[in-house]
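Structural description and commentary
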Amino acid sequence: MSLRQTDPEIADAIGRELERQQTGLELIASENFTSPAVLQAMGTPLTNKYAEGYPGKRYYGGCEFIDQVEQLAIDRARALFGSEHANVQPHSGSGANMAVYFGLLDPGDRILGLELSDGGHLTHGSPVNFSGRFFEFLRYGLDPETQRIDYDRVREIAKRERPRMIQCGYSAYPREIDFEAFGSIAREVDAILFADIAHIAGLIAAEVHPTPVGHASVVATTTHKTLRGPRGGLVLCDSEHAEAIDKAVFPHTQGGPLEHVIAAKAVALHEASQPEFRGYAEQIVSNARALAESVAARGFRLVSGGTDNHLFVIDFGESGMSGLKAQRRLDRAGITTSKSTVPGETRSPWVTSGLRVGTPAVTTRGMKQDEMRRIGDWIADVLESPEDEEMQQQIRVQVEELCRGFPLPYADLG
Ligand code: DSN
């Protein structure tokens, strides 16, 4: 029986979500649209199989084909990123980060990471997250003038505090990260350098952002953001740390791996190694720059003044509109974004003073700079007149019209 026959309520909800994705502008910096091949690999009977362990050493029988799938994913991840070891089992980016901390540190160890409101992630030591509860986080902030990382200041803090780990790689930092500089600081203080490249993995794979591999002993990422794979995580590391990372993923923090998702990761890693992926990643960055410039040209202030990567953050200021309100008003116009804290944030993480905007998903649809300039004007129109519901509805209609010209390749799923 088909899904529709078995469960029409779920089939309807999926249909409505697909329609929302088809007809709206997806500007959440951490979202993307997978290829149909990635989706197809996920929806397979591989989900039926238990496979605790790793290829060649499983705790269940019948894993000969699962082993082929997982080994392909591992080999492709290592080749794509040039790393000595890869673990493709983490169910998520948070799970990947958990394996890094628990694999390489002891509870209570000190980690030097970015101030959370400056662009960090929950798993970078938030007090409401496992990371902040099990480890002691010390902070470096962005330079108050440039709103970029001040590497001299990071070095100074690292030398004074001697953390066991230095963490870099962020969720809302619009500038290039100098992993080489971080590597040299980590070596100076004998700390482990951990790069969380969840947001920029696709840009790194395509060589449009410098890689941390070779500078950081351990790198973790999600597979569903700029990398454009299924929702999941991945850890890359030196051979020296391979056993510790593998044990931290299984059996320490996870049980059975999601082999259908690992198959989809393998497909995405294959796609990311193709020459056209480089063009895609370059276009993400060009689009982010064009969109950022068009919003800035309407008088909005951007954190650090612009972007080098796939995202930018609008800072409304302490007394300006909240990020929450901006996100909700843009939702009415069919433009999906996410509120964001800003450097020196004074509001709560639920309300915030900023808005994060990213281009990976609209770039997958084939949109380019011309479309970015139109979208930038729509964003500015909504933010300048947040109570004008009629205008938001008019923009909604134009957004739908634009989206119909750049359809998602999911027609068969409708
Ligand atoms: N939720 C992701 C993001 O939006 O950056 C991080 O987990």
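Bear in mind that the values here come from a model prediction, so they are computed numbers and not experimental data.

Right, let's get into the nonpolar core. Counting 58 residues, the largest nonpolar core has Phe81, Tyr140, Ile166, Tyr170, Phe182 and Ile197 as the members making the most contacts within it. With seven residues, helix H11 (residues 259-272) is the single largest residue contributor to this core. Not counting residues within four places of it along the chain, the set of residues in contact with Phe81 comprises Ile197, Ala201, Ile204, Ala205, Val213, Leu227, Leu234, Leu236 and Leu269. Counting 33 residues, the second largest nonpolar core, distinct from the first, contains Ala292, Ile375, Ile395 and Cys403.

So, on to H11. The terminal C-alpha atoms of H11, which comprises 14 residues, lie 20 Å apart, in line with the 20 Å expected from a rise of 1.5 Å per residue. For H11, a buried count of eleven out of 14 residues is recorded, marking the element as mostly surrounded by other parts of the structure. In the core, the buried residues of H11 are packed alongside helix H3 (36-42), strand E3 (57-58), helix H4 (64-81), strand E10 (233-237) and helix H12 (275-296).

Further remarks concern the site of the ligand. Taken together, the neighbourhood of the ligand is formed by Ser30, His121, Ser171, His199, Lys225 and Arg356. Take Ser30: an N or O atom from its side chain is 2.7 Å from an oxygen atom of the ligand. Between Arg356 and the ligand, the recorded distance is 2.7 Å, taken from a side-chain N or O atom to an oxygen atom. For the shell around the ligand, the per-class residue count stands at no nonpolar, four polar and two charged.

Moving on to the side chain of Asn287. Mapped onto the secondary structure, Asn287 falls in helix H12. Aside from chain neighbours lying at most four places away, what touches Asn287 is Thr359, Thr363, Met367, Lys368, Gln369 and Met372.

Spatially, E4-E10-E9-E8-E7-E5-E6 is the arrangement adopted by the seven strands of the open sheet, whose pairing is mixed. At either margin of the open sheet sits one strand with a lone partner, and together these are strand E4 (85-87) and strand E6 (136-140). The mean inter-strand angle of the sheet, taken between neighbouring strand axes irrespective of direction, is 20 degrees. Here E4 runs beside E10; their pairing, made up of three bridges, is antiparallel.

Attention now goes to the environment of Gly93. Along the chain, Gly93 turns up in helix H5 (residues 93-104). In this structure the C-alpha to C-alpha distance between Gly93 and Glu282, which are 189 residues apart in sequence, comes to 24 Å. Here Gly93 is in contact with Thr221, Thr222, Gly232 and Gly233, once residues within four sequence places are set aside.

The geometry of helix H2 (residues 8-23) relative to helix H16 (residues 389-404) is characterised by a closest axis approach of 8 Å and an angle of 90 degrees between their N-to-C directions. With respect to H16, the axis of H2 lies roughly perpendicular. Packed against H2, whose contacting residues are Glu19, Gln22 and Thr23, the element H16 presents Arg396, Val399, Glu400, Cys403 and Arg404 at the interface. Its residues placed into classes, the contact of H2 with H16 shows two nonpolar, two polar and four charged.

A separate point is the packing of aromatic side chains. Scanning all chains against the criterion turns up 14 aromatic pairs. With 5.8 Å between their ring centres and 50 degrees between their planes, Tyr140 and Phe182 make a pair best called tilted. Of this pair, Tyr140 sits in strand E6 while Phe182 sits in helix H8 (residues 179-189), and the two are 42 residues apart along the sequence. Of the two residues, Tyr140 and Phe182, both sit in the buried class. Counting every residue linked through ring pairs, the aromatic cluster contains Tyr101, Phe102, Phe130, Phe134, Phe135, Phe137 and Phe194. Directly above the ring of Tyr280 sits Arg228, whose terminal nitrogen or CZ lies 4.0 Å from the centroid. Here the basic side chain of Lys339 rests over the ring of Trp350, its NZ or CZ set 3.4 Å away from the ring centre.

Thresholds, definitions, all that
Residues numbered from 1 in each chain as written. Predicted model: local features only at pLDDT ≥ 70, side-chain atom pairs only at ≥ 80, totals over all residues. Heavy atoms only, no water. Core = buried A, V, L, I, M, F, W, Y, C linked by side-chain atoms within 4.5 Å. Buried < 20%, exposed > 50% of the residue type's maximum accessible area, 1.4 Å probe, protein only. Helix = DSSP H or I, 4+ residues; strand = E, 2+ residues; numbered from the N terminus. Contact = heavy atoms within 4.5 Å. Expected span 1.5 Å × (residues − 1). Near = heavy atom within 4 Å. Polar contact = N/O pair within 3.5 Å; in protein donor to acceptor, adjacent residues only side chain to side chain. Nonpolar A, V, L, I, M, F, W, Y, C, P; charged D, E, K, R; others polar. Pairing = 2+ DSSP bridges. Axes fitted to C-alpha atoms, helices over the stretch in contact; angles between N-to-C directions. Parallel < 35°, antiparallel > 145°, perpendicular 65-115°, else oblique. Phe/Tyr/Trp six-rings, centres within 6.5 Å; stacked < 30°, edge-to-face > 60°. Lys NZ or Arg CZ within 6 Å of the ring centre and 35° of its normal.

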